[in-house]
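The primary structure of each chain is shown beneath.
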Amino acid sequence: MDKRYNKALDLEIYYEKLENGLEVYLIPMKKFNSTFAQFTSKYGSKHNNFKYSGDDKIKNMPPGIAHFLEHKMFENEDGTITFDYFTEKEADCNANTSHERTCYLFKSRDNVLDNVSFLLDYVQKPYFTDENVLKEKGIIIEEAKMYENIPDFYINDVLMANTFHKSEYRLPIIGTQESINSITKEQLQECYETFYHPSNMFLTISGNFDADEMMELIKENQGSKKFKKFKPVEILKNDEPKTVVKEIEILKLGFESNRVFMNFKIARSDYYYKLKN
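Scope of this entry: the structure provided in the associated data block.

Cut-offs and rules
- Residues numbered from 1 in each chain as written.
- Predicted model: local features only at pLDDT ≥ 70, side-chain atom pairs only at ≥ 80, totals over all residues.
- Heavy atoms only, no water.
- Phe/Tyr/Trp six-rings, centres within 6.5 Å; stacked < 30°, edge-to-face > 60°.
- Helix = DSSP H or I, 4+ residues; strand = E, 2+ residues; numbered from the N terminus.
- Buried < 20%, exposed > 50% of the residue type's maximum accessible area, 1.4 Å probe, protein only.
- Salt bridge = Lys/Arg side-chain N within 4 Å of Asp/Glu carboxyl O.

**Observations regarding the packing of aromatic side chains**
Moving on, step 1. Evaluated as defined, the whole model comprises 20 aromatic pairs.
Moving on, step 2. Between Tyr15 and Tyr25, the aromatic rings sit 5.0 Å apart at their centres with planes inclined by 45 degrees, giving tilted as the arrangement. One end of the pair, Tyr15, is in strand S2 (residues 11-17); the other, Tyr25, is in strand S3 (residues 23-28), and 10 residues separate them in sequence.
Moving on, step 3. Under the relative-accessibility criterion, Tyr15 is labelled buried at 13%.
Moving on, step 4. Judged by centre distance (4.9 Å) and plane angle (5 degrees), the rings of Phe74 and Phe83 are stacked.

**Describing the pattern of salt bridges**
Moving on, step 1. Within this structure, the stated rule accounts for 17 salt bridges.
Moving on, step 2. Residue Glu234 pairs with Lys51 through a salt bridge whose shortest N-O separation is 3.8 Å. Here Glu234, found in strand S10 (residues 233-236), pairs with Lys51, found in strand S5 (residues 49-52); they are 183 residues apart in sequence, far enough to count as distant.
Moving on, step 3. A relative accessible area of 14% places Lys51 in the buried class.
Moving on, step 4. In this structure, Glu75 engages Lys72 in a salt bridge whose closest nitrogen and oxygen atoms are separated by 2.4 Å.

Nothing here speaks to function; it is all geometry.
See below:
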């Protein structure tokens, strides 16, 4: 492990890139009672259009598929209920999807090593069937309707739609009812194999644990698994105009007080960026 010291935070950070490409950051904090772990894929809602390096064929995925994949990762083929497992191990778990990343996390005081092993295992063992994908569509559509009734979420979606003409940022992270209904298990599998390779992920653990013991556990866990060769991809960026769609919009939504949301749009010149080994 490479030991680094962050003077500003007065923390020792242990870093190692494993043979399979996974980057691991360990931050022991002995004065803390709890441990927080986050397993992150560099894959979010903006990565819908991509191509494999050396291949001209563009893959166009439905908006919301990254968030859909987040939901499906909690389902296990052996019937284990992920939330129940962490609860039994005295841990709180969750996940979230942004435009840039998808994160799976837990916080616990006890059974930390068991919880880290399970975190790595369930995220690295997808289970897709036609039946469970169809079932999840209804769940996510209901979630989307719920967010439409939460003012801050709704206004943010309107703000992004008013800012961008073509960029994936203009679309809700959760997708639309139409795009959610169009997602297939084959598309989920391809996105998983493309973006959930260890070379495109990192693991961060901070709290009360021994760094050497933790790294040994992680290496043993990852060494027991086989992964396909990582295929670098290029994310296709739309030719986004410098202008905004709409400079101002007034919404009357029945709030108890007035609210103002603002966005600033700054142009970028690059058309592609690469996910590298």
